[in-house]
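Chain and residue survey
Residue-level listing of the chains:
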Amino acid sequence: MEQLGAHDPAEASNLNFGKRIGDGTTYAVERMTVAYQARTLYETVREIDSALLRLREGTYGRCTSCGNPIPAARLELVPWAALCVPCSAPARRA
Ligand SMILES: [Zn+2]
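Residues numbered from 1 in each chain as written. Predicted model: local features only at pLDDT ≥ 70, side-chain atom pairs only at ≥ 80, totals over all residues.

This part takes up the overall build of the protein chain. A tally of helices and strands in the protein chain yields three helices and zero strands. The order of helices and strands in the protein chain, counted from the N terminus, is α-α-α. The buried share among the 94 residues of the protein chain stands at 4%. Partitioning the intrachain contacts of the protein chain with sequence separation of at least 6 by distance along the chain shows that 25% fall at a separation of at least 24. (Helix = DSSP H or I, 4+ residues; strand = E, 2+ residues; numbered from the N terminus. Buried ≥ 20, exposed ≤ 12 C-beta atoms within 10 Å, placed from the backbone. Contact = placed C-beta atoms within 7 Å.)

In this section: the environment of Pro71. If you trace the backbone, Pro71 turns up in the loop between α1 (2-57) and α2 (72-77). On a C-alpha basis, the gap between Pro71 and Val85 in space is 8.4 Å, while along the polypeptide they are 14 residues apart.

So, about the confidence of the model for the protein chain. Detailed reading of the predicted coordinates is not advisable wherever pLDDT falls low. With 72% of its residues at a pLDDT of at least 70, the protein chain reaches an overall mean of 81. Averaged over each element, pLDDT in the protein chain is lowest for helix α3 (residues 85-93) (74) and highest for α2 (94). (pLDDT = per-residue confidence, 0-100.)

You can see Val78 is positioned in the loop between α2 and α3. C-alpha separation for the pair Val78 and Ile48, spaced 30 residues apart in sequence, amounts to 9.8 Å.

Structure (C-alpha cells):
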C-alpha cells in the first residue's frame, strides 16, 4: 500500500507533466506556424489584389517604385511582383 502510494502519484505526475509539455509545445509550434502562414497568405493575397488592380489600370508589369518594367522572368516567378529586382532588394533588407 505504501509502495503503491509512493509509486502511482509519481508516475501519474510524470506522465501528466510530460504529456502537458509535449502537447503544449506542439500546440504552440502549430499556432505559430499557422499564424505565420496566415500572415504570409494574407500578404500574398494583398499583393495579388494590388497586381490585379494594376492589371486593370494598365500599369501591371511596371515597378510601383521606379516605374521601370519588371523583367518577364521575375513576373513568371512572382506574377504579383510590384517591384523590380533593384527596388525590392532594400525593402527586403529593411
Ligand atoms: Zn523599381
